[in-house]
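If you want the building blocks of each chain, they are given just below.
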Amino acid sequence: MMKRTFILFAVLMALPLISAATEINVRTLPNYDVSIFVLDPTQVYYLLDSFHLTADGNGLVSAVYEGTEEKVKINVKVFQDDTTLILEKFDSFDTGFPLYLQVIPDDVLRDYKKLDDEKAAAEAAAAEAAAQAEAAAAAAAIEETETAPEEPASQGLSGSSIFNGEGGFPKSVYFIIGGAVLIIIVIFILKNRISAVSGLLSIPRTDKRKDLNFSETNGSLGKKNREIEKAERKIKEVQMEINRLKNQDKIEAAERKIEQDRIELKKLREGG
């Protein structure tokens, strides 16, 4: 009995000395170097342990501290190429529990997991609310369709079949009306064009030959006019010939011929 009591007492006395594992998770910038310093909170600066790691592509690093202290302070330094980006000092934490430290310039958190969980819960709640609203709308639409009164098929086209649900004509009716109006316009244009062509074809044409024959049968007056026209043509022909000639003798002969033709023309006009 005394032996068992002694063993139990020894175990109770040793419990504070048992090592408590503390997982330290740090989120920072991707691919940066990270140093984690575990300090004794009861002293000015007493280093218990340190870890020197490199963040992955997501900016995450993790280390496990094992010690007998109930509380620890943690300093996190983020740097690259011996240039410190940020050095953050956190107050004491209870050991034996996972820590989630975010060390990003202008965005430092003691527990980024808690914030992530809250955001995830809010997004899930919003998604669930949206799904419920959509389901309610779909159910209301189905209920409205099922409760809508059916119209007898024998009535043919009724007001509700001609008009759509918003009180207007369906698109097919507009297409039919527009097509009918277009056909009427085309028929009207073609009819006017056919009438115009028929009018042009019905205009009597003047037969010049008939007028000429009438002139020829009009006695001496027609004969005189023909002789005058013949003389005028001769004068024009001679003038054209003069324009082509360069020989002075031929030009003078042609001019004399023109003068004779003019005298003859004058006689004809005077009735000689």
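Small disclaimer: the values here were computed from a predicted structure and weren't measured.

Rules behind the numbers
- Residues numbered from 1 in each chain as written.
- Predicted model: local features only at pLDDT ≥ 70, side-chain atom pairs only at ≥ 80, totals over all residues.
- Heavy atoms only, no water.
- Helix = DSSP H or I, 4+ residues; strand = E, 2+ residues; numbered from the N terminus.
- Expected span 1.5 Å × (residues − 1).
- Buried < 20%, exposed > 50% of the residue type's maximum accessible area, 1.4 Å probe, protein only.
- Patch = residues over 30% accessible without salt bridge, like charges linked within 9 Å, V, L, I, M, F, W, Y side chains within 5 Å.
- Areas by Shrake-Rupley, 256 points an atom, 1.4 Å probe, with all protein chains shown as cover.
- Salt bridge = Lys/Arg side-chain N within 4 Å of Asp/Glu carboxyl O.
- Pairing = 2+ DSSP bridges.

Draft legend 1. Spatial organisation of helix α7 (residues 248-270). Relative to the 33 Å expected for 23 residues at 1.5 Å per residue, α7 spans 33 Å between its end C-alpha atoms, a close match to the ideal helical length. Residues of α7 that are buried: I251, A254, I258, D261, L265 and L268. One or two positions beyond α7, positive phi appears at G271, with a value near 90 degrees.

Draft legend 2. Focus on a nonpolar patch on the surface. Taken together, the side chains of I177, V181, I185, F188 and I189 define a hydrophobic patch exposed on the protein surface, amounting to about 460 Å² of accessible area. For I177, the position within the fold is in helix α4 (residues 171-201). Its relative accessible area of 48% is what places I177 among the partly exposed residues.

Draft legend 3. Quick look at the pairing of strand β6 (residues 83-94). Where strand β5 (residues 71-80) lies against β6, 9 bridges are found, and the strand directions are antiparallel. What sits directly across from K71, in β6, is D94. The turn joining β5 and β6, which pair antiparallel and follow one another in sequence, is formed by 2 residues; a positive phi near 55 degrees is taken by D81.

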